[in-house]
Amino acid sequence: MTQIKDQGIIRETSCSEELFAIRDSLEILGGKWKLLILIYLKNRQDKLVHFKMMERGIQGISAKMLSKELKELEINELVTRTIQDTRPITVTYALTDYGKSVIPVIEALVQWGFDHRMMIKKT
């Protein structure tokens, strides 16, 4: 079981608490595109990332799907949307501080993906 801090007290979670937590995580981060968007933004934290840049950089994503996923990530406070004072107006996206808290999860999934690919190649 996992340990959590609950009202200042460290305790072990119950199985049902863990199941609810993983369901919440998958609901917010799940699907084909959200983690790819977050990785894209993570790898460009020092740049102004606009919509078209992401659309071109994330292979296979449509403008409609990118827009939908960015809205959901913004609602869940993982991504910020900033209107730039330019002509024509451009909109940029970035990870929020809270969004950056997902980076260790993303990096663990990337490492697991590499390890899994290597394990499968061996067989």
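What this report covers is the structure whose coordinates are included nearby.

Calculation rules
- Residues numbered from 1 in each chain as written.
- Predicted model: local features only at pLDDT ≥ 70, side-chain atom pairs only at ≥ 80, totals over all residues.
- Heavy atoms only, no water.
- Pairing = 2+ DSSP bridges.
- Helix = DSSP H or I, 4+ residues; strand = E, 2+ residues; numbered from the N terminus.
- Phe/Tyr/Trp six-rings, centres within 6.5 Å; stacked < 30°, edge-to-face > 60°.
- Lys NZ or Arg CZ within 6 Å of the ring centre and 35° of its normal.
- Axes fitted to C-alpha atoms, helices over the stretch in contact; angles between N-to-C directions.
- Parallel < 35°, antiparallel > 145°, perpendicular 65-115°, else oblique.
- Contact = heavy atoms within 4.5 Å.
- Nonpolar A, V, L, I, M, F, W, Y, C, P; charged D, E, K, R; others polar.
- 1 Å grid on protein atoms, 1.4 Å probe; cavity = no way out; pocket = protein on both sides within 12 Å on 5 of 7 lines; lining within 4 Å.
- Points joined across faces, edges and corners; volume = space filled by probe spheres on them.

Some thoughts on the sheet that holds strand 5 (residues 90-95)
Hydrogen bonding along the main chain pairs the strands of a sheet, whether they run parallel or antiparallel. Spatially, 3-5-4 is the arrangement adopted by the three strands of the open sheet, whose pairing is antiparallel. Because the sheet does not close on itself, it has two edges, and the strands there are strand 3 (49-50) and strand 4 (79-84). The pairing of strand 3 with strand 5 spans two bridges and is antiparallel. Across the sheet, V49 pairs through a bridge with Y93, a residue of strand 5.

Things to note about the packing of aromatic side chains
Under the criterion given, the structure shown has zero aromatic pairs. One cation-aromatic arrangement involves R44 over Y40; the distance from NZ or CZ to the ring centre is 3.6 Å.

So, the packing of helix 2 (residues 34-42) against helix 4 (residues 63-75)
Taken N-terminus to C-terminus, the directions of helix 2 and helix 4 make an angle of 75°; their axes are 10 Å apart at the nearest point. Here helix 4 runs roughly perpendicular to helix 2, going by the angle between their axes. Contacts between helix 2 and helix 4 involve K34, I37 and L38 on the former and, on the latter, L66, E69, L70, E72 and L73. Its residues assigned to classes, the contact of helix 2 with helix 4 shows five nonpolar, no polar and three charged.

Observations regarding the layout of surface pockets
Computed from the structure, the largest pocket encloses a volume of approximately 390 Å³. Every residue lining the largest pocket is counted, 16 residues in all, and those nearest its centre are S25, L26, L29, V102 and V105. Secondary-structure elements contributing two or more residues to the lining of the largest pocket are helix 1 (15-29) and helix 6 (103-122). Per-element tally for the lining of the largest pocket: the top contributor is helix 1, with seven residues. Considered class by class, the residues forming the lining of the largest pocket number 11 nonpolar, four polar and one charged.

Some thoughts on the packing of helix 1 against helix 2
The geometry of helix 1 relative to helix 2 is characterised by a closest axis approach of 8 Å and an angle of 70° between their N-to-C directions. Between helix 1 and helix 2, the angle falls in the class roughly perpendicular. For the pair formed by helix 1 and helix 2, the contact residues are E27, I28 and L29 on the first element and K34, L35 and L38 on the second. Per-class residue counts for the contact of helix 1 with helix 2 are four nonpolar, no polar and two charged.

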